[in-house]
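Descriptive structure summary
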Amino acid sequence: MAPIRLAIVGLGKIARDQHIPAIAATEGIELAAVASRNAALDGVAHFATLDDLLADSADIDAVALCTPPQVRRAQAEAALAAGKHVLLEKPPGATVSELGPLVAAAEASGRTLFATWHSRFAPAVEPARTFLAERAIRSVIIEWKEDVRVWHPGQEWIWEPGGLGVFDPAINALSILTQILPRPVFVTKAHLAFPTNRDAPIAAELGLSDVAGIPIRAELDFLQTGPQTWDIRIETEAGQIVLSSGGARLVHDGAVLVDEKEAEYRGIYARFVELVRGGRSDVDLAPLALVADAFLLGRRSIAEPFEY
Ligand code: NAP
């Protein structure tokens, strides 16, 4: 079967760091073009914009939208209308409600829409889900603290409305949480700190729960220098499990169960190939809905101005 011919749209940090090597390492898909206003790849067809690509794209089957979330809905709509399969980086959009029409458009055109959550492909996530499926959970603490200057250097879009601020990385924790807990979770309280000169939060604290009343707390910070923290600690009737390094490592009462190099994006592309071949879509909005609810429910405070 011929490989899926894919175009990357928005050749920025994540496209270079993760998408390009993962596509090269995945059977059944190949990088055929790039659409990016200010960047190109040697040896790969280049278009300045998605519209230019779609106007001349008979040999392109799919697009991976690696642009900021604020522009992705219009791009996904155009790509689906042109008959392309669409892979969305996380978060899948700037709002929850904009995704419904995209799901309908994918269904109507018989194309795949894949809202990716890369952290769900981390190696310790499935073992954690299996562990928790059989044990009563007592409490959950999430600590997601990273240095925005390292991971999002100079990115202004992240501070604009729809850019999510500290929730841009923290939504990865929520994507893991909603994958490994046995029941749906909801936000019970939130506190968001906004720099005086920015429209998105730089730190937050969340309370969440589920119908069984499990207390879940999340501490999020975008200014952590030194060692970075992407941990979820869960107390259960059978002791404590700790998912750390963003889901690459799992420890149960001090015993290491999983400690693997992450290959999240290879998992994403293998799944995309499977979805396209099977004529299916995969769009789970639960993590984005939790972020939206944190913004709805959150108390706000003012933080120091932020500059890169
Ligand atoms: P980025 O470095 O800013 O790259 C995004 C690219 O999209 C830019 O280089 C730009 O390329 C293009 N773009 C920017 N604004 C645009 C606009 N208004 N219209 C059209 N194209 C525009 O951002 P990134 O870090 O790669 O993040 C992109 C997405 O990946 C985000 O949703 C983020 O949450 C997700 N992600 C990021 C990371 C990470 O560690 N950075 C990790 C996982 C997922 P041109 O100027 O060349 O068009």
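Residues numbered from 1 in each chain as written. Predicted model: local features only at pLDDT ≥ 70, side-chain atom pairs only at ≥ 80, totals over all residues. Heavy atoms only, no water.

1. Focus on the site of the ligand
- The local shell around the ligand holds 25 residues, among which Ser36, Asn38, Arg72, Gln155 and Asp168 are the closest.
- Here an oxygen atom of the ligand sits 2.8 Å away from a polar atom, N or O, in the main chain of Ile14.
- The contact in question runs from an oxygen atom of the ligand to an N or O atom on the backbone of Arg37, over 2.8 Å.
- Taking 880 Å² as the accessible area of the ligand by itself, protein coverage stands at 82%.
- Within the shell around the ligand, the residues separate by chemical class into 11 nonpolar, eight polar and six charged.
- Counting contributing residues per domain, the shell around the ligand is built from domain 1 (4-115) and domain 2 (119-260 + 292-303), each supplying no fewer than three. (Near = heavy atom within 4 Å. Polar contact = N/O pair within 3.5 Å; in protein donor to acceptor, adjacent residues only side chain to side chain. Areas by Shrake-Rupley, 256 points an atom, 1.4 Å probe, with all protein chains shown as cover. Nonpolar A, V, L, I, M, F, W, Y, C, P; charged D, E, K, R; others polar. Domains from an automatic or database assignment.)

2. A look at the sheet that holds strand S6 (residues 113-115)
- One open sheet accounts for six strands, arranged S3-S2-S1-S4-S5-S6; its pairing is parallel. The two strands at the open ends of the sheet, each matched to only one other strand, are strand S3 (45-47) and S6. Adjacent strand axes in the sheet meet at a mean angle of 25°, parallel and antiparallel pairs treated alike.
- Alignment of strand S2 (residues 29-35) against S3, held across three bridges, turns out to be parallel. (Pairing = 2+ DSSP bridges. Helix = DSSP H or I, 4+ residues; strand = E, 2+ residues; numbered from the N terminus. Axes fitted to C-alpha atoms, helices over the stretch in contact; angles between N-to-C directions.)

3. Quick notes on helix H4 (residues 99-109)
- Among the residues of H4, those classed as buried are Leu99, Leu102 and Ala106. Along H4, the residues classed as buried sweep out an arc of 60° about the axis, all on the same side. Along H4, exposed side chains directed more than 90 degrees from the buried face belong to Pro101, Glu107 and Ala108.
- Buried-residue contacts for H4 involve helix H3 (72-81), strand S5 (85-88), S6 and helix H9 (286-297). (Buried < 20%, exposed > 50% of the residue type's maximum accessible area, 1.4 Å probe, protein only. Arc of directions from axis to C-beta. Contact = heavy atoms within 4.5 Å.)

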